[in-house]
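Inside the fold
Given next are the chains, with one letter for each unit.
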Number of protein chains: 2
Amino acid sequence: MSASEAQNWAIAHHDALLDVLRRFVAIPSVSTDPSFTDGIAQGAVFLADLLRECGFEHVAIEPTGGHPVVRADWLHAEGKPTILVYGHYDVQPPDPVDAWQSPPFQATLRDNKLYGRGVSDDKGPMIAAVGALAAYLGSTGSLPVNIKLLFEGEEEVSSAHLDQFVADRVDELAADFVLSADGAMWRVDLPTVTTACRGLCALEIKVSGAAKDLHSGRHGGAVANPLQGLARLLAALHASDGSVAVPGFYDGIEEPDQETRASIAALPFDEGAYLQSVGACEGVGEAGWSLLERNWLRPTLEINGISGGYAGPGKKTVIPAEASAKISCRLVPGQDPFDILNKVEHAVLNACPRGLSVSVEREKGVARPFAISRQHPALQLAMQVLEEIYGRPAQLVRMGATIPIGEIFAHRLGIGTVFFSFSTADEDYHAPNEFFRVERMRDGIRAWIRLLELVGTLPTAAFREGFTSPISR
Amino acid sequence: MSASEAQNWAIAHHDALLDVLRRFVAIPSVSTDPSFTDGIAQGAVFLADLLRECGFEHVAIEPTGGHPVVRADWLHAEGKPTILVYGHYDVQPPDPVDAWQSPPFQATLRDNKLYGRGVSDDKGPMIAAVGALAAYLGSTGSLPVNIKLLFEGEEEVSSAHLDQFVADRVDELAADFVLSADGAMWRVDLPTVTTACRGLCALEIKVSGAAKDLHSGRHGGAVANPLQGLARLLAALHASDGSVAVPGFYDGIEEPDQETRASIAALPFDEGAYLQSVGACEGVGEAGWSLLERNWLRPTLEINGISGGYAGPGKKTVIPAEASAKISCRLVPGQDPFDILNKVEHAVLNACPRGLSVSVEREKGVARPFAISRQHPALQLAMQVLEEIYGRPAQLVRMGATIPIGEIFAHRLGIGTVFFSFSTADEDYHAPNEFFRVERMRDGIRAWIRLLELVGTLPTAAFREGFTSPISR
């Protein structure tokens, strides 16, 4: 029984794997900020070295138009299914650094949680996946399935170059389905598998007034204030019922069926407890939809940042020359990110206040919304494994966040993606004091070992059902 | 003719007075930044020594709750009017220091302009005033009027302690009117006297949502976004016609009479050239008023700074826990700063969007609007002197900016203030490369000598008309 040998190996090597994770977290592989370019390069090298050490073949750091992809494979399970394993080694910026209780790039254990930037998103879950594979290879010298690994460095910048990377390697990456180490579980108290995630597009609005900062007394009343113009522009992006007021924003959305809405309503979800967990006094959003529906089934337009003028202590009576805001939209099936960017840009430029000029800069990376059939066999096996480990039936859920890969692999390779991450959504990724639960690391390794075992028992063809051809855009 | 002796003395001592100004500028008497406390102390000592040298009596450096006031007097012109002469020896910080062409605290002559921090605001105009007094005392041993000098060290921090200082010395400071060496002239090409300036109050708005920054995918649609709430709050502070939409904001404003509006319309003012000078494409503001009227006669509410969420390079898909904006209002006669703060705060708190909380922090320093009657005899004499010097009629103008002293002296001492500074608004005070025109130094000394002569010919009672009792707040 190679699976039980692998499980024993993993238990024996738990501390060593945790140490690998600590060293991985120490590398500041921030993809969003060019000043961290060295960190990205170090992250890729660390990963490649690790995969070689585990026994993978064809380990390579491959360039893209942006940050590199790390690939490797092990293809000696003849006649068995092939899994494309996905993860990402890039992380979010650590800002605001002052809000961290321990240094963001120094993994620190407190209360059985490991704190550090990227430990939950996605370094911890990736090391769990790699750990499961290492457990097979380390204990038995082989795997129950064929594995192709693809770890990217641009997930936090919307997987900007992954689509082209995959398109250029359709044959090399061919597999029966994708198993993703990314895609945090919804809650720590409920085993779940995610069947859909939202798409994403983003842009920055700049509002310009006079050529220089002006004294608000000497000039106030004479010329337009870019901060006031920006506030007006931003306020007009939502209607008073909480819906997005950009013309055509909701056009073409695939309305969820009654079964979907009913299953969401049936989930054990305590809205009050959720609001308390994030410290919000009430749920707020588009009228006519429940909180979970708004987060999972409906698109949003959020302002992510705003700046202009004086923000230091005390006052400075200035009319700044410029103000800006960053905006992003989460999209649902039926919405195309480029179409939405066009519509938002059009709405913003059309509403330019008098005496000011408005410009829009689009973020290059976009992601399309994704959904997988509830009937996909790998999804069903993942549910079974979770029930075995947690002793209760796993639930199918959706995700408000964005993982572009599902749609990319469906479109380019014609295969489904199962998210099988063991981080959970409460772990403050994208925020200060990100953490990963140590017992989840253990659960994850155990689950991946078991899932690979089960996949190895099914015929290859089973995983292609419903995915006979690439999904069209 | 003691005035002509004084004029001759001033001409003979021009270089010596310029040298005094250079030494004064070399003292970094920055009031806004505690690291310059020594500079403030040196500035006060320098001034006190200078006044003693000129022949003033009762020279004293007097403590306040903040930086000290320098006082002195000469009261031997029996039966003649008494003038309280005002100026300030504190200066703005030199930042950004790199943008200076010569060191900010080393007065440097280029093209007949003296460059240095504070040279225009207010050290140059003060030395012109002191030079005129020194010219009388140095040449004739006496002055044609009684003089009380009051030079403060906190003008650049809203004269934070001056009101209390004056209130505590109502009898000692009693005079017939105030002649201010502060209050730059509107333009270098037009002799003007300023009859009004706007008041000022300021506050900061904080909008809070969840207890921590949230991932805009994981939580977007579920809870309110403080940036959106802030944009909505700020946008609601103005109506679409450019007027301030805070209820009651315009209540009680003393509407300008037709004569005032006509005289503003008659001023030689090239709106296109003004807009070009600030790099604005068009004038924008409250409907129904000309550009100068909006800047001089009408109150404003300006956003001076805004912050929240991610403002670095690239994007960060965050719903921040908090967002904030700094706001200030310029006020006109009939508006009380505390009443306006109440109204703005009330409007903001009342409009708090669902799911968010709003708090308001008021800036401590406020300044009331000020206006002096066009008929004030000292104003009329000032106009006469300017016409003699510049060979064309002087114009009455207003000021969009704020100088708190006029209202303080009117309220505490029941007397009018005439601004008689020879710096001009284009001299980049509050910015790098502040300068003062050397010929303006000459003009200023000449004008002050002549004005003191003329004031000495009028009966004391003339200056008290319309100011028989303190102005109420």
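Residues numbered from 1 in each chain as written. Chains lettered and ligands numbered in written order. Predicted model: local features only at pLDDT ≥ 70, side-chain atom pairs only at ≥ 80, totals over all residues.

**Re the overall build of chain A**
Applicable threshold: The secondary structure listing takes helices from DSSP runs of H or I that are at least 4 residues long and strands from runs of E that are at least 2 residues long, numbered from the N terminus. Only the C-alpha atoms count toward the radius of gyration. The rule for a globule is 2.2 Å times the residue count to the power 0.38. For the exposure call, what matters is how many other C-beta atoms sit within 10 Å of a residue's own: 20 or more marks it buried, 12 or fewer exposed, and in between partly exposed, using C-beta atoms placed from the backbone. Each residue is represented by a C-beta atom placed from its backbone, and any two residues with such atoms within 7 Å are regarded as in contact.
When its secondary structure is counted, chain A shows 13 helices and 18 strands. Relative to its length of 473 residues, chain A is compact, with a C-alpha radius of gyration of 23 Å against a globular reference of 23 Å. Projected onto the principal axes, the alpha-carbon positions of chain A cover approximately 80 × 45 × 45 Å. Residue burial in chain A is summarised as follows: out of 473 residues, 57% are buried. Counting only contacts in chain A whose residues sit at least 6 apart along the sequence, the fraction spanning at least 24 positions is 80%.

**Regarding the relation of the copies chain B and chain A**
Selection criterion: When the copies are superposed, the least-squares fit takes in the C-alpha atoms of residues with a pLDDT of at least 70 in both.
Superposing chain B onto chain A requires a rotation of 179° together with a translation of 2.1 Å along the rotation axis, leaving an RMSD of 2.0 Å. Mapped onto chain A, 94% of the interface residues of chain B are again interface residues, and the two copies thus contact each other with one and the same surface.

**Concerning the sheet that holds strand 16 (residues 395-399) of chain A**
For clarity, the cut-off: We treat two strands as partners when DSSP finds at least two bridges between them.
With mixed pairing, the three strands of this open sheet are ordered in space as 15-8-16 (chain A). Strand pairing shows two members of the sheet lacking a second neighbour, strand 15 (370-371) and strand 16 of chain A, which therefore form its edges.

**Regarding the sheet that holds strand 18 (residues 435-437) of chain A**
Residues and elements named next belong to chain A. Operational definition: The axes are straight lines fitted to the C-alpha atoms, using for helices just the contacting stretch, and the angles between their N-to-C directions are given from 0 to 180°.
Strand order in the open sheet made by the three strands is 4-5-18, with antiparallel pairing throughout. The open sheet has two edge strands, strand 4 (108-110) and strand 18, and neither has a second partner. Here the average twist between neighbouring strands, direction ignored, is 30°. In this structure, strand 4 lies alongside strand 5 (residues 113-115), joined through three bridges in antiparallel fashion.

**Considerations on the interface of chain B and chain A**
The line we're drawing: Under the grouping applied here, Gly and all other residues not named as nonpolar or charged are polar, the nonpolar ones being Ala, Val, Leu, Ile, Met, Phe, Trp, Tyr, Cys and Pro and the charged ones Asp, Glu, Lys and Arg.
With 70 residues of chain B at the contact, the number on the chain A side is 75 residues. For the side of chain B that touches chain A, the leading source of residues is strand 11 (residues 300-309) of chain B, giving nine residues. Looking at the side of chain B that touches chain A residue by residue, the class counts come to 26 nonpolar, 28 polar and 16 charged. Pairing of strand 11 (residues 300-309) of chain A with strand 11 of chain B involves five bridges; the strand directions are antiparallel. For Ile 306 of chain A, the partnering residue across the bridge sits in strand 11 of chain B and is Gly 308 of chain B.

**As for the domain arrangement of chain A**
Residues and elements named next belong to chain A. Formally: An automatic or database domain assignment provides the domain bounds reported here.
Parsing chain A into structural domains produces domain 1 (2-197 + 369-464) and domain 2 (199-253 + 299-362). At the interface, five residues of domain 1 touch seven residues of domain 2. Residue composition of the side of domain 1 that touches domain 2, by class: two nonpolar, three polar and no charged.

**Considerations on the nonpolar core**
Definition in use: A set of buried Ala, Val, Leu, Ile, Met, Phe, Trp, Tyr and Cys residues, joined through C-beta atoms within 7 Å, is what we mean by a nonpolar core.
In this structure, Ala 132, Ala 382 and Trp 448 of chain A together with Ala 132 and Ala 382 of chain B are the most contacted members of the largest nonpolar core, which totals 281 residues. Setting aside chain neighbours within four positions, we find Ala 132 of chain A in contact with Ala 10, Ile 445, Trp 448, Ile 449 and Leu 452 of chain A.

**Description of the environment of Glu 427 of chain A**
All names here are of chain A. Its place among the elements puts Glu 427 in the loop between strand 17 (417-419) and strand 18. Note on Glu 427: 23 C-beta atoms within 10 Å, which makes it buried. Beyond its immediate chain neighbours, meaning those up to four positions away, Glu 427 contacts Ser 120, Glu 434, Phe 435 and Phe 436.

**A look at the pairing of strand 13 (residues 322-331) of chain A**
Residues and elements named next belong to chain A. For strand 13, the buried fraction is high: nine of the ten residues fall into the buried class. Note that strand 9 (residues 199-208) and strand 13 share ten bridges and pair antiparallel. Of the residues in strand 13, the one forming a bridge with Ala 202 is Ser 328.

**Some points on helix 3 (residues 37-54) of chain A**
Stated formally: A helix is expected to span 1.5 Å for every residue after the first.
Here helix 3 of chain A spans 26 Å end to end across 18 residues, near enough to the 26 Å set by a 1.5 Å rise per residue. Where helix 3 of chain A is buried, its residues meet helix 2 (14-25), strand 1 (57-62), strand 2 (69-74), helix 4 (119-140) and strand 6 (146-152) of chain A.

**With respect to the pairing of strand 17 (residues 416-419) of chain B**
Residues and elements named next belong to chain B. Of the two faces of strand 17, both are covered, the one formed by Gly 416 and Val 418 as well as the one formed by Thr 417 and Phe 419. As defined by bridge partners, strand 7 (residues 177-180) adjoins strand 17 across four bridges and the pair is classed as parallel. Considered in strand 17, the bridge of Ser 180 is made with Phe 419.

**Here's the deal with unusual backbone geometry**
Here the residue pair Asp 121 of chain A and Asp 122 of chain A is connected by a cis peptide bond, since its omega of 10° sits within 30 degrees of zero. Assignment of secondary structure puts Asp 122 of chain A in helix 4. In the segment running from Asp 95 of chain B into Pro 96 of chain B, the intervening peptide bond is cis, with an omega of -10°. At Ser 159 of chain B, a residue that is not glycine, the phi angle is positive and equals roughly 50°. On the secondary structure map, Ser 159 of chain B appears in the loop between strand 6 (146-152) and helix 5 (162-167).

**Side note on the confidence of the model for chain A**
The cut-off we apply is this: Looking at any residue, its pLDDT shows the predictor's confidence there, from 0 to 100.
Of the residues in chain A, 99% have a pLDDT of 70 or more, and the chain-wide mean is 95. Per the prediction output, this complex has pTM 0.87; the corresponding ipTM is 0.91.

**Observations concerning the packing of helix 11 (residues 377-390) of chain B against helix 13 (residues 438-455) of chain B**
Residue and element names in this part refer to chain B. Filter applied, for reference: By definition in this entry, angles of less than 35 degrees are roughly parallel, angles greater than 145 are roughly antiparallel, angles of 65 to 115 are roughly perpendicular, and the rest are oblique. By definition, any crossing whose near helix is turned counterclockwise from its far helix by less than a right angle is left-handed, and any crossing with a clockwise turn is right-handed.
One way to put it is that helix 11 packs onto helix 13 with a least axis distance of 9 Å and a crossing angle of 135°. With respect to each other, helix 11 and helix 13 are oriented oblique. Handedness of the helix 11/helix 13 crossing: right-handed. Where helix 11 approaches helix 13, its residues Ala 378, Leu 381, Ala 382, Gln 384, Val 385, Leu 386, Glu 388 and Ile 389 are matched on the opposing element by Asp 443, Arg 446, Ala 447, Arg 450, Leu 451, Leu 454 and Val 455. Across the contact of helix 11 with helix 13, the residue classes tally to ten nonpolar, one polar and four charged.

**Quick look at the environment of Phe 24 of chain A**
All names here are of chain A. Relative to the elements of secondary structure, Phe 24 occurs in helix 2. Owing to 24 C-beta atoms within 10 Å, Phe 24 belongs among the buried residues under this scheme. C-alpha separation for the pair Phe 24 and Phe 46, spaced 22 residues apart in sequence, amounts to 7.3 Å. Beyond its immediate sequence surroundings of up to four residues, Phe 24 is in contact with Phe 46, Lys 123 and Ile 127.

**Some points on the packing of helix 1 (residues 2-12) of chain A against helix 13 (residues 438-455) of chain A**
Residues and elements named next belong to chain A. Interhelical geometry of helix 1 versus helix 13 gives an angle of 165° and a closest axis separation of 10 Å. Between helix 1 and helix 13, the crossing angle belongs to the class labelled roughly antiparallel. Regarding helix 1 and helix 13, the two cross each other, and that crossing is right-handed. Counted together, Ala 3, Ala 6, Gln 7 and Ala 10 of helix 1 and Ile 445, Arg 446, Ile 449, Arg 450 and Glu 453 of helix 13 form the full contact between these two elements. Residue composition of the contact of helix 1 with helix 13, by class: five nonpolar, one polar and three charged.

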